[in-house]
Amino acid sequence: MKKLGLVTVLYKSDEVLKGFIKSLSIQTFSNYIVYFIDNSVNDCSTSYLLSLLNEYPTLEYKYLPQLGNIGVAAGNNVGIKATLMDHCDYILLLNNDIETEQNYLLEKIVRKAEEGNADLLVPKILYYDSRRIWMAGGFMDNFRALGVHDGMDSEDSGMFNNEKFITYAPTCFMLISKKVLEKTGFMDEKYFAYYDDTDFVMRALQNGYLMLYIPSLVILHKVSSSAGINSDFYVYYSNRNKIYFIRKHYNGIRKLWLILYCIISRLFFWLKFNKEKRQKLVQGIKDGFALQVST
């Protein structure tokens, strides 16, 4: 039986952990280890996590506390390297603000990977509360340097129930064959958070790997539970990283167009923001140009 390593990065995640761990405990697939990378270590949260895990004694896990918030990308890398040390065949990057009602989810996604048609696989993702679609596959829009979710905010009416190869998906639940890392490498830690998954997927696909969307598998996502999309944190990092992503992946006229489009479109956000968010926006753009591009 193939071995699966589940990597999840914790950051003030106490509110969502109970449902997350319960979803893992019901899985029919058993040959896996959960790697908890803790970026917000404190005695209370650690005790709470361990108490939850004690309720499910058959769940195999490793707790890897960090000295501080090293970011999502670096946290994922810590977990990925641990899975490789433990000789896992597949790595599953997943948020801990997700749940599933399908006890066969892990079993079927590994079985699908074993068919060999794709090396990155993702399920359909619904909003936890409304059960509307958050992501039903996706594509990379190279005219906006933006990963686009198919079906976002639509009713799950069956329109997006066909398996297909896709060019974009977030890593809130993504199965990755370990061989992908041989050419693609690890997550680019300069992103810290946001666009790190877009960067990884783009590099993987450029190296010839395929990503498959499997609509029969479904997870429920409590979107933005750790950092709201209107927070100062989001405003800074999403804009800093977009500029960095453009500089890293595009050239020539396309690169110039994307930078101009990004800055002009941000003016509309700037007009809506308060003073603090305006400062974060401007600083993020400046820092995006200052970051040295990784090769």
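The rules we used
- Residues numbered from 1 in each chain as written.
- Predicted model: local features only at pLDDT ≥ 70, side-chain atom pairs only at ≥ 80, totals over all residues.
- Heavy atoms only, no water.
- Buried < 20%, exposed > 50% of the residue type's maximum accessible area, 1.4 Å probe, protein only.
- Helix = DSSP H or I, 4+ residues; strand = E, 2+ residues; numbered from the N terminus.
- Pairing = 2+ DSSP bridges.
- Right-handed = clockwise from strand over helix to strand, strands pointing away.
- Phe/Tyr/Trp six-rings, centres within 6.5 Å; stacked < 30°, edge-to-face > 60°.
- Lys NZ or Arg CZ within 6 Å of the ring centre and 35° of its normal.
- Contact = heavy atoms within 4.5 Å.
- Salt bridge = Lys/Arg side-chain N within 4 Å of Asp/Glu carboxyl O.
- Patch = residues over 30% accessible without salt bridge, like charges linked within 9 Å, V, L, I, M, F, W, Y side chains within 5 Å.
- Areas by Shrake-Rupley, 256 points an atom, 1.4 Å probe, with all protein chains shown as cover.
- Core = buried A, V, L, I, M, F, W, Y, C linked by side-chain atoms within 4.5 Å.
- Expected span 1.5 Å × (residues − 1).
- Polar contact = N/O pair within 3.5 Å; in protein donor to acceptor, adjacent residues only side chain to side chain.

(A) A look at the pairing of strand β1 (residues 4-10). Most of β1 sits inside the fold, with seven of its seven residues counted as buried. Of the two faces of β1, both are covered, the one formed by Leu4, Leu6, Thr8 and Leu10 as well as the one formed by Gly5, Val7 and Val9. As judged from the seven bridges shared by β1 and strand β2 (residues 32-38), these two strands associate in the parallel manner. Its bridge partner being in β2, Gly5 is matched across the sheet by Ile33. The parallel pair β1 and β2, bridged by helix α1 (residues 14-25), forms a crossover whose chirality is right-handed. Sheet topology note: the β1/strand β4 (residues 90-94) ladder contains four bridges and is parallel. Across the sheet, residue Gly5 finds its bridge partner in β4, namely Ile91.

(B) Molecular detail of the packing of aromatic side chains. All told, the structure shown has 13 aromatic pairs when counted by the stated rule. Ring centres of Tyr191 and Tyr244 lie 4.9 Å apart, and the angle between their planes is 65°; this geometry places the pair in the edge-to-face category. You can see Tyr191 sitting in the loop between α5 (180-184) and α6 (196-206) and its partner Tyr244 sitting in helix α7 (residues 232-249), a full 53 residues away along the chain. The ring of Phe186 has Lys81 sitting right over it, with the charged end atom 5.1 Å from the ring centre.

(C) The arrangement of unusual backbone geometry in detail. In this model, Arg131 sits at a positive phi of 65°, which is unusual for a non-glycine residue. With respect to the helices and strands, the residue Arg131 is situated in the loop between β6 (120-127) and β7 (133-135). Positive phi is not limited to glycine here, since Tyr194 has a value of about 75°. Position of Tyr194 relative to the elements: it lies in the loop between α5 and α6. Of the residues examined, Tyr194 reaches a relative accessible area of 24% and is grouped as partly exposed.

(D) Spotlight on the environment of Lys248. Its place among the elements puts Lys248 in helix α7. Along the chain, Lys248 and Asp199 lie 49 residues apart, while their C-alpha atoms are 9.0 Å from each other. Beyond its immediate stretch of four places on either side in the chain, Lys248 contacts Asp188, Tyr191, Asp199, Arg203, Val293 and Ser294.

(E) Focus on the pattern of salt bridges. Counting across every chain of the model gives 16 salt bridges. A salt bridge links Lys248 to Asp188; the nearest nitrogen and oxygen atoms lie 2.8 Å apart. One end of the pair, Lys248, is in helix α7; the other, Asp188, is in the loop between α5 and α6, and 60 residues separate them in sequence. Since its relative accessible area comes to 7%, Asp188 is described here as buried. Across the pair Arg203 and Asp199 runs a salt bridge whose closest N-O atoms are separated by 2.7 Å.

(F) Structural context of a nonpolar patch on the surface. On the surface, Leu256, Leu260, Ile264, Leu267 and Phe268 cluster together into a nonpolar patch covering about 520 Å² of accessible area. Mapped onto the fold, Phe268 is located in helix α8 (residues 252-272). When its relative accessible area of 57% is taken as the criterion, Phe268 is described as exposed.

(G) The arrangement of the nonpolar core in detail. If you look at the biggest cluster of nonpolar residues, it comprises 69 residues, and the most contacted ones within it are Leu4, Leu6, Tyr32, Leu120 and Phe173. Ranked by residues supplied to this core, first place goes to strand β12 (residues 211-221) with eight residues. With sequence-adjacent residues up to four places away left out, Leu120 is seen in contact with Met174, Leu175, Ile176, Val180, Phe200, Ala204, Leu205, Tyr209, Leu210, Met211 and Leu212.

(H) Examining helix α3 (residues 72-85) more closely. Helix length check: α3, at 14 residues, gives a terminal C-alpha distance of 20 Å against a target of 20 Å (1.5 Å per residue), a fit within 8%. What α3 keeps buried is the set Ala73, Ala74, Gly75, Asn76, Asn77, Gly79, Ile80, Ala82 and Thr83. Residues of α3 that are buried make contact with β1, β2, β3 (61-65), β4, α5 and α6.

(I) The side chain of Thr46, seen in detail. As for its placement among the helices and strands, Thr46 is situated in helix α2 (residues 43-54). Thr46 sits in the buried class, given a relative accessible area of 15%. For Thr46, the side chain forms a polar contact with the main-chain oxygen of Asn42, separated by 3.0 Å. Among the polar contacts listed, one links the side chain of Thr46 to the side chain of Tyr63, at a separation of 3.0 Å. Excluding residues that lie within four positions of it along the chain, Thr46 makes contacts with Asp38, Val41 and Tyr63.

(J) Quick peek at the pairing of β4. For β4, the tally of buried residues reaches five of five residues, placing the bulk of the element in the interior. Here β4 shows no split at all, with Tyr90, Leu92 and Leu94 on one side and Ile91 and Leu93 on the other all buried. Pairing analysis gives five bridges linking β4 to strand β11 (residues 173-177), with the strands arranged antiparallel. Pairing of Leu93 across the sheet is with Met174, part of β11.

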